[in-house]
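An overview of the molecular structure
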Amino acid sequence: MRTPIIAGNWKMFKTVPEAKAFIEEVKGKAEVEGVESVICAPFTNLPALVEAVKGTSIKIGAQNLHFEDNGAFTGEISGEMLKGLGVDYVIIGHSERRAYFAETDETVNKKMHAAFRHGLTPIVCVGEKLEEREAGQTKDVCKVQTEAAFQGLSADQAAEAVIAYEPIWAIGTGKSSTAQDANEVISYIRDLVKGMYGEDVANKVRIQYGGSVKPENVAEYMGQSDIDGALVGGASLQPASYIQLVQGAK
Ligand SMILES: O=C(CO)COP(=O)(O)O
């Protein structure tokens, strides 16, 4: 049995006082037995968030890391630094980083290795652009991105990883993929993992859907056979909405 995982991706939103106030409001409510609840926040919020969630079941994630452990990389943050703070998860290869910050399949793979080196669980994002979807290339794009991301990882590491299938045209647009379409692509991604690591790992790896998930549609996604949770942007920013997302994932 895979434990469903709801992860909020706050992107570049919230100051430290706002982040602390959010946790005060969701404590005890965005905590449901059998559902993992993770907040992926800007670096500046992480120490305060790790402190604020102590004694709760909520986990904290970062939204990026550098693939080296230290060095002359001005402005970067390493996995070692994140783990030292008490962070458990890290988003890798989000489409916004691929589009605006030159993230490539190669750097995504290096970051996957860096995350595991430091005991962080990666949430690795894959997904197609609108024109790729329209050209019937959805599965091809997911195959290239998924296989590249997992290059050189052991079966144990692969089984621990979380994959987020986020069709780019559905991010922040209000246009979500239908639950059936998302499930079809996600079961294809699970088959890719099976091809790389075998059935046992494929049955363990958790695969989320992301793209305009809201309290009103989360249950529909969760009702699908292969969807193990959601990576949520906009709807994770308000405490009330985040609580409903976690409660709706049961
Ligand atoms: O990019 C996303 C999560 O990583 C999805 O964003 P929205 O939920 O705002 O569409």
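Residues numbered from 1 in each chain as written. Predicted model: local features only at pLDDT ≥ 70, side-chain atom pairs only at ≥ 80, totals over all residues. Heavy atoms only, no water.

**Observations regarding the environment of Glu-76**
Cut-off, in case you're wondering: Counting from the N terminus, the helices are DSSP H or I runs at least four residues long and the strands are E runs at least two residues long. Pairs of residues are marked as contacts when any of their non-hydrogen atoms sit within 4.5 Å.
Within the secondary structure layout, Glu-76 lies in the loop between strand 3 (59–62) and helix 3 (79–85). Between the alpha carbons of Glu-76 and Leu-65 there is a distance of 7.3 Å; along the sequence they are 11 residues apart. Setting aside chain neighbours within four positions, we find Glu-76 in contact with Asn-64 and His-66.

**Section: helix 7 (residues 138–150)**
Residue pairs three or four apart in sequence face the same way in an α-helix, which turns once every 3.6 residues. How we decide: Working rule for helices: expected span equals 1.5 Å times residues minus one. The cut-offs for exposure are 20% and 50% of the maximum accessible area for each residue type, with area from a 1.4 Å probe on protein chains only; residues under the lower value are buried, those over the upper are exposed, and the others partly exposed. The directions considered for the arc are those from the helix axis to the C-beta atoms.
Between its terminal C-alpha atoms helix 7 stretches 18 Å, which fits the 18 Å expected from 13 residues at 1.5 Å a residue. Those residues of helix 7 lying buried are Thr-138, Val-141, Cys-142, Gln-145, Thr-146, Ala-149 and Phe-150. Buried residues in helix 7, looked at end-on, bunch into an arc of 140°, giving them a common side. Positive phi shows up at Gly-152, right after helix 7, with a value of about 80°.

**Focus on the packing of helix 1 (residues 16–26) against helix 12 (residues 239–248)**
Put simply, the test is: Whenever a helix is involved, its axis is fitted only over the stretch in contact; in every case the axis is a line through C-alpha atoms, and angles between N-to-C directions fall within 0 to 180 degrees. Roughly parallel means an angle under 35 degrees; roughly antiparallel, over 145; roughly perpendicular, 65 to 115; everything else is oblique. Left-handed describes a crossing whose near helix is turned anticlockwise from the far helix through less than a right angle; right-handed describes the clockwise counterpart.
Relative to each other, helix 1 and helix 12 sit at 50°, their axes nearing to 9 Å. As summarised for this structure, helix 1 and helix 12 are arranged oblique, according to the angle between their axes. You can see that helix 1 and helix 12 cross each other, and the crossing is right-handed. Mapping the contact onto sequence places Phe-22, Glu-25 and Val-26 in helix 1 and Pro-239, Tyr-242 and Ile-243 in helix 12.

**Remarks on the sheet that holds strand 6 (residues 162–165)**
Put simply, the test is: Paired strands, in this sense, are two strands between which DSSP finds at least two bridges.
Taken in spatial order, the eight strands close into a barrel running 1-2-3-4-5-6-7-8, and their pairing is parallel. For this sheet the average axis-to-axis angle between neighbouring strands, irrespective of direction, equals 25°. Here two bridges tie strand 7 (residues 206–210) to strand 8 (residues 229–232), and the two strands are oriented parallel to one another. When the sheet's bridge partners are listed, Gly-210 is paired in strand 8 with Leu-231.

**A short note on the UniProt feature "binding site: substrate" (unreviewed entry) in the protein chain**
Counted only if it meets this: UniProt positions are given in the numbering used here, feature names are shortened, and annotations may be inferred rather than shown by experiment.
Within this numbering scheme, the UniProt entry marks Asn-9, Trp-10, Lys-11, Gly-172, Ser-212, Gly-233 and Gly-234 as carrying the feature "binding site: substrate" (unreviewed entry). Considering the C-alpha atoms alone, the annotated residues occupy 226 residues of sequence yet fold into one spot, their largest mutual distance being 14.0 Å. Tracing the sequence through the fold places Lys-11 in the loop between strand 1 (5–9) and helix 1. Not counting the four nearest positions on each side in its chain, Lys-11 is found in contact with Cys-40, Pro-42, Gln-63, His-94, Glu-96, Ile-171 and Gly-233. Along the polypeptide, Gly-233 turns up in the loop between strand 8 and helix 12. With sequence-adjacent residues up to four places away left out, Gly-233 is seen in contact with Asn-9 and Lys-11.

**Section: the nonpolar core**
Our working definition: By nonpolar core is meant a set of buried Ala, Val, Leu, Ile, Met, Phe, Trp, Tyr and Cys residues that side-chain atoms within 4.5 Å join together.
Counting residues in hydrophobic clusters, the biggest one holds 70 residues, and the most contacted among them are Ile-6, Ile-39, Met-112, Phe-150, Ile-163, Tyr-209 and Tyr-242. The leading source of residues in this core is helix 9 (residues 179–197), at seven residues. Setting aside chain neighbours within four positions, we find Tyr-242 in contact with Ile-6, Gly-8, Phe-22, Val-26, Ala-30, Ser-37, Val-38, Ile-39, Ala-235 and Ser-236. In this structure, Cys-40, Cys-125, Val-162 and Leu-231 belong to the second largest nonpolar core, which totals 11 residues.

**Re the site of the ligand**
Where we set the bar: Here, proximity means that at least one heavy atom of the residue falls within 4 Å of the molecule or strand. Residues adjacent in sequence count toward polar contacts only when both atoms are side-chain atoms; beyond that, a polar contact is any pair of N or O atoms within 3.5 Å, and within protein one must be able to donate a hydrogen and the other to accept it. What sets the accessible areas is the Shrake-Rupley method with a 1.4 Å probe; for residues, cover comes only from the shown protein chains. The nonpolar class holds Ala, Val, Leu, Ile, Met, Phe, Trp, Tyr, Cys and Pro. Asp, Glu, Lys and Arg form the charged class, and all remaining residues, Gly among them, are polar.
In the region of the ligand, 13 residues are neighbours, and Lys-11, His-94, Gly-172, Ser-212 and Gly-233 sit closest. Within the side chain of Glu-166, a nitrogen or oxygen atom sits 3.0 Å from an oxygen atom of the ligand. When the free accessible area of the ligand is taken as 310 Å², the share hidden by the protein chains comes to 94%. For the shell around the ligand, the per-class residue count stands at four nonpolar, seven polar and two charged.

**Considering the packing of aromatic side chains**
Note on aromatic pairs: each is described by the distance of the centres and the angle between the planes. Rule in force here: Stacked, tilted and edge-to-face pairs are distinguished by plane angle, under 30 degrees for stacked and over 60 for edge-to-face with tilted covering the rest, among Phe, Tyr and Trp rings (Trp via its six-membered ring) whose centres lie within 6.5 Å.
Per the stated rule, a full pass over the model turns up six aromatic pairs. When the ring of Trp-10 is compared with that of Phe-22, the centres are 4.9 Å apart and the planes differ by 80°; the resulting orientation is edge-to-face. A residue pair is termed long-range when its members are at least 10 positions apart, and Trp-10 in the loop between strand 1 and helix 1 and Phe-22 in helix 1 qualify at 12 residues. For Trp-10, a relative accessible area of 0% corresponds to the buried category. Of the residues examined, Phe-22 reaches a relative accessible area of 2% and is grouped as buried. On the numbers, 5.8 Å between centres and 50° between planes, the contact of Phe-22 with Tyr-242 is tilted. Of this pair, Phe-22 sits in helix 1 while Tyr-242 sits in helix 12, and the two are 220 residues apart along the sequence.

**Here we look at unusual backbone geometry**
Although it is not a glycine, Ala-102 sits at a positive phi angle of roughly 55°. The exposure class assigned to Ala-102 is exposed, which follows from its relative accessible area of 61%. Here Ser-212, not a glycine, exhibits a phi torsion of approximately 55°, which is positive. Of note, Ser-212 is situated in the loop between strand 7 and helix 11 (218–222).

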